[in-house]
Amino acid sequence: MATTKFHDEETTTVGELPKVGDKLPDFTVVGSDLQEFSLADFSGKKLVLNIFPSLDTGVCATSVRRFNEEAASLEDAAVLGISADLPMAHGRFTDAEGIDNVKTGSVFRSSFGKDYGVTLEGSPLKGLLARTVIVADAEHTITHVELVEEITSEPNYDAALEALQK
């Protein structure tokens, strides 16, 4: 299990996160159009997986907005925003915020959280996903992993974007 904090209280996840040098585990999540998409849909593209608890929190919403801005200038890369929010919530958020450079996905009928080791085991957020950023190259080999130390903090955007250059 991995360890993070929620309001300075330590909590764990259901498993270990993938490590730099590993291949991304396969996944299938559900887009705001209720259609599933998977890792295979991004063949040959670098990926940023922005994983977070819920779009209904300020920090999560900020991270999606920030990665949306940064993704506009990325070539051969895709940014995915992944949470346990329902697909309809993803759609409302992306429509209201003009998010068009980040593809969002819901894990509501997926084993993503377990497979990536990011589902929270404790805290009031139990069952949601821990704030994590994973970057992979075009062959889907992981070049960067950040489990944010305090869930209420933003990720290190610069480190994630720098990892895309590797």
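Keep in mind it's a predicted model, so treat the numbers as computed, not measured. (Residues numbered from 1 in each chain as written. Predicted model: local features only at pLDDT ≥ 70, side-chain atom pairs only at ≥ 80, totals over all residues. Heavy atoms only, no water.)

A.B. asks: I would appreciate a short explanation of the UniProt feature "active site" (unreviewed entry) in the protein in the present structure.
C.D. replies: Within this structure's numbering, the places UniProt gives as "active site" (unreviewed entry) are C60. Secondary-structure assignment places C60 in helix α1 (residues 58–71). Taking the relative accessible area as the measure of exposure, C60 reaches 0% and is therefore buried. Those residues in contact with C60 that lie beyond four places of it in its chain are F52, P53, S54, L55 and R131. (UniProt positions renumbered as here; feature names shortened; annotations may be inferred. Helix = DSSP H or I, 4+ residues; strand = E, 2+ residues; numbered from the N terminus. Buried < 20%, exposed > 50% of the residue type's maximum accessible area, 1.4 Å probe, protein only. Contact = heavy atoms within 4.5 Å.)

A.B. asks: Help me out: how do you make sense of the packing of aromatic side chains in this one?
C.D. replies: Two measures describe an aromatic ring pair: the distance that separates the ring centres and the angle between the ring planes. Scanning all chains against the criterion turns up 5 aromatic pairs. Judged by centre distance (6.3 Å) and plane angle (70 degrees), the rings of F27 and Y116 are edge-to-face. With a gap of 89 residues between them, F27 in the loop between β2 (9–12) and β3 (28–30) and Y116 in the loop between α3 (112–115) and β8 (132–136) connect regions that are remote in the sequence. Across the pair, exposure class does not vary: F27 and Y116 are buried alike. For the pair F37 and F42, a centre-to-centre distance of 5.9 Å together with 80 degrees between the ring planes defines the contact as edge-to-face. Here F37 matches F42 in class, with each residue buried. (Phe/Tyr/Trp six-rings, centres within 6.5 Å; stacked < 30°, edge-to-face > 60°.)

A.B. asks: Any chance you could explain unusual backbone geometry here in plain terms?
C.D. replies: Most peptide bonds take the trans configuration, and most residues that are not glycine carry a negative phi. In this structure, D76 takes a positive phi of about 55 degrees despite not being glycine. As for its placement among the helices and strands, D76 is situated in the loop between α1 and β6 (77–83). Positive phi values are uncommon outside glycine, yet S123 reaches one of about 75 degrees. Tracing the chain through its elements places S123 in the loop between α3 and β8.

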